[in-house]
Amino acid sequence: MTRAERSCAVTIRIPERLYSRPVLLSCEQPFILTAWPLQTKTTVETLITQRFSNLFAQAPQLCAAGCITFNGEPCAMPTVLPEGAQLCIELPNHQEEPVDTRWELLWENDQLMAVFKPPLLPVSRTTRNLFNTLISMIRRQTPYYDARLLHRLDTETAGILLVAKDAEADRYWKPRLGQLMIRKLYRAEVSGVPSWDAIQADNYLATREHSPIRSQVYVAQSQTAVGYIKPKLASSKFRVTSRGSETSVLECELLTGRKHQIRAQLAALGHPIVGDKIYQHQGKYYLKRLQQPLSRQDFASLGGLYHRLVAVELTLDLAA
């Protein structure tokens, strides 16, 4: 009997319609933020503090300019908002990187949420995106304005992400994350056709001194390999689920949780993930993008706008 069978286990899997749908990049202008409808009567100041704390200093000017409204009507800072009101803030001069904002709730209990993150949606604030991030949207669009990320996915990686509904749940579950998340499965589309049906990769992974791509992770020969920064053991299981003429689809199970683990290990096996700007083509397109936007021809060479890696299944032990 496995640990998952012995424990109070919940398995969450995303429906194929979510990770097979085309990406939809959008960034509406003017930029408008909408808060979850009020469940109790409160003031404009309280709601902005809860949902849009980084806009609080600008709030008086935005109110004076008619950019803050509730139920379509302009409001001032002292306004008391009735139950059921919806606050909107227009930021006429604000621009962000277009992203796919179509996140979805997959599962929840009284402390946790498992959500689907689309590809190309950052999980938290970046240099280009302050408001259109997964955690910012969850805080605005659900009752859980103090929600906290329990772990992360790369911006281009789609799939299941676990969120604590408030600070108390975050304090309880974050130290227990290794016991809570007992199985993680990913789906990867890779270049080439593996000669094996299933394989386990056990490598030391590390960043490397003087690497042209600082975030790139490499396979090191040992934990003390020269030129590598703090190599750590990484283990994954890979199984081929379908083969095409030029690409294959793999099921990937993480046994450890290292940075870029699946991406780096598959590249080391000779089957980098389709669309991966770092681990395909020796990082050529990642480095090019630092200097100029990639062209349609570049994306065609990569195989798409983003790398084809999806966190498809997560098993939780709620008795942890």
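Being a predicted model, the structure only gives us computed values, none of them experimental. (Residues numbered from 1 in each chain as written. Predicted model: local features only at pLDDT ≥ 70, side-chain atom pairs only at ≥ 80, totals over all residues. Heavy atoms only, no water.)

Caption draft 1: Main features of the overall build of the protein chain. A count of helical and extended segments in the protein chain gives 10 helices and 17 strands. Compactness check: the protein chain gives a C-alpha radius of gyration of 22 Å against a globular reference of 20 Å for 320 residues, within 12% of the reference. Dimensions of the protein chain along its principal axes, counting C-alpha atoms only, are 65 × 50 × 40 Å. For the protein chain, buried positions account for 46% of its 320 residues. (Helix = DSSP H or I, 4+ residues; strand = E, 2+ residues; numbered from the N terminus. Rg over C-alpha atoms; globule rule 2.2 N^0.38 Å. Buried < 20%, exposed > 50% of the residue type's maximum accessible area, 1.4 Å probe, protein only.)

Caption draft 2: Seen up close, the nonpolar core. One finds Val163, Ile262 and Leu266 to be the most contacted residues of the largest nonpolar core, which totals 30 residues. Elements with a contribution of two residues or more to this core: β9 (112-117), α5 (134-141), β11 (158-164), β12 (181-191), β15 (228-243), β16 (247-254), α8 (261-268) and β17 (309-317). If you tally residues by element for this core, the top one is α5, at 4 residues. (Core = buried A, V, L, I, M, F, W, Y, C linked by side-chain atoms within 4.5 Å.)

Caption draft 3: Spotlight on the packing of aromatic side chains. Applying the stated criterion across every chain, the model contains 2 aromatic pairs. Aromatic side chains Phe31 and Phe131 sit 6.1 Å apart centroid to centroid with 45° between the ring planes, which places their arrangement in the tilted category. Here Phe31, found in strand β2 (residues 31-34), pairs with Phe131, found in the loop between β9 and α5; they are 100 residues apart in sequence, far enough to count as distant. Judged on exposure class, the residue Phe31 and its partner Phe131 are both buried. Here Tyr172 and Trp173 contribute two aromatic rings whose centre-to-centre distance is 4.9 Å and whose plane-to-plane angle is 85°, an arrangement assigned as edge-to-face. Since its relative accessible area comes to 3%, Trp173 is described here as buried. The ring of Tyr306 has Arg308 lying over it, and the distance from NZ or CZ to the ring centre is 4.4 Å. (Phe/Tyr/Trp six-rings, centres within 6.5 Å; stacked < 30°, edge-to-face > 60°. Lys NZ or Arg CZ within 6 Å of the ring centre and 35° of its normal.)

Caption draft 4: Spotlight on the pattern of salt bridges. All chains considered together, the criterion is met by 17 salt bridges. Notably, a salt bridge pairs Arg102 with Asp100, separated by 2.9 Å at the nearest N-O pair. Taking relative accessible area as the criterion, Arg102 reaches 27% and is therefore assigned partly exposed. The salt bridge partner of Glu313 is Arg183, with a shortest N-O separation of 3.3 Å. Taken together, the residues span a long stretch of sequence, with Glu313 in strand β17 and Arg183 in strand β12 at a distance of 130 residues. We classify Glu313 as buried; its relative accessible area is 14%. Relative accessible area serves as the criterion here: at 32%, Arg183 is assigned to the partly exposed category. Overlapping salt bridges, with partners in common, bring together Arg13, Arg183, Glu253 and Glu313 in one network. (Salt bridge = Lys/Arg side-chain N within 4 Å of Asp/Glu carboxyl O.)

Caption draft 5: Local environment of the state of the cysteines. Following the criterion strictly, the structure yields 0 disulfides and no others. Distance from the sulfur of Cys27, which forms no disulfide, to the nearest cysteine sulfur (Cys88) is 16 Å. Of the cysteine sulfurs around Cys88, a residue in no disulfide, the closest is that of Cys75, at 9.7 Å. (Disulfide = S-S within 2.5 Å.)

Caption draft 6: Region of interest: the side chain of Thr157. Mapped onto the elements of the fold, Thr157 is located in the loop between β10 (148-149) and β11. Within the local environment of Thr157, its side chain forms a polar contact with the side chain of His307, the two groups lying 2.8 Å apart. When residues no more than four places from it in sequence are discounted, the contact partners of Thr157 are Lys117, Pro118, Tyr186, His307 and Leu309. (Polar contact = N/O pair within 3.5 Å; in protein donor to acceptor, adjacent residues only side chain to side chain. Contact = heavy atoms within 4.5 Å.)

Caption draft 7: Seen up close, the environment of Pro122. Within the secondary structure, Pro122 sits in the loop between β9 and α5. Residue Pro122 is classed as buried on the basis of its relative accessible area of 5%. Taking the C-alpha atoms as reference points, Pro122 and Thr101, separated by 21 residues in sequence, lie 9.6 Å from one another. In this structure, Pro122 is in contact with Val99, Asn129, Asn132, Thr133, Leu134 and Thr155, ignoring residues within four places of it in sequence.

Caption draft 8: Fine view of α5. Burial of α5 is extensive: 6 of the 8 residues sit out of reach of the surface. Regarding α5, the residues found buried are Leu134, Ile135, Ser136, Met137, Ile138 and Arg140. Elements in contact with the buried residues of α5: β2, α3 (44-51), β9, β10 and β11.

Caption draft 9: Examining the sheet that holds strand β5 (residues 73-74) more closely. The 4 strands lie next to each other as β2-β7-β4-β5, forming an open sheet whose pairing is antiparallel. Either end of the sheet is taken by a strand with one partner, and the two such strands are β2 and β5. (Pairing = 2+ DSSP bridges.)

Caption draft 10: Expanded view of the pairing of β17. Most of β17 is tucked away, with 9 of its 9 residues classed as buried. Relative to β17, strand β1 (residues 9-13) is paired through 5 bridges, and the arrangement is antiparallel. Bridging from a neighbouring strand, Arg13 pairs with Glu313 of β17. As defined by bridge partners, β11 adjoins β17 across 2 bridges and the pair is classed as parallel. Along β17, the bridge assignment pairs Gly159 with Ala311. With 7 bridges connecting them, β12 and β17 associate as antiparallel partners. Within β17, the residue paired with Tyr186 across the bridge is Ala311.

Nothing here speaks to function; it is geometry throughout.
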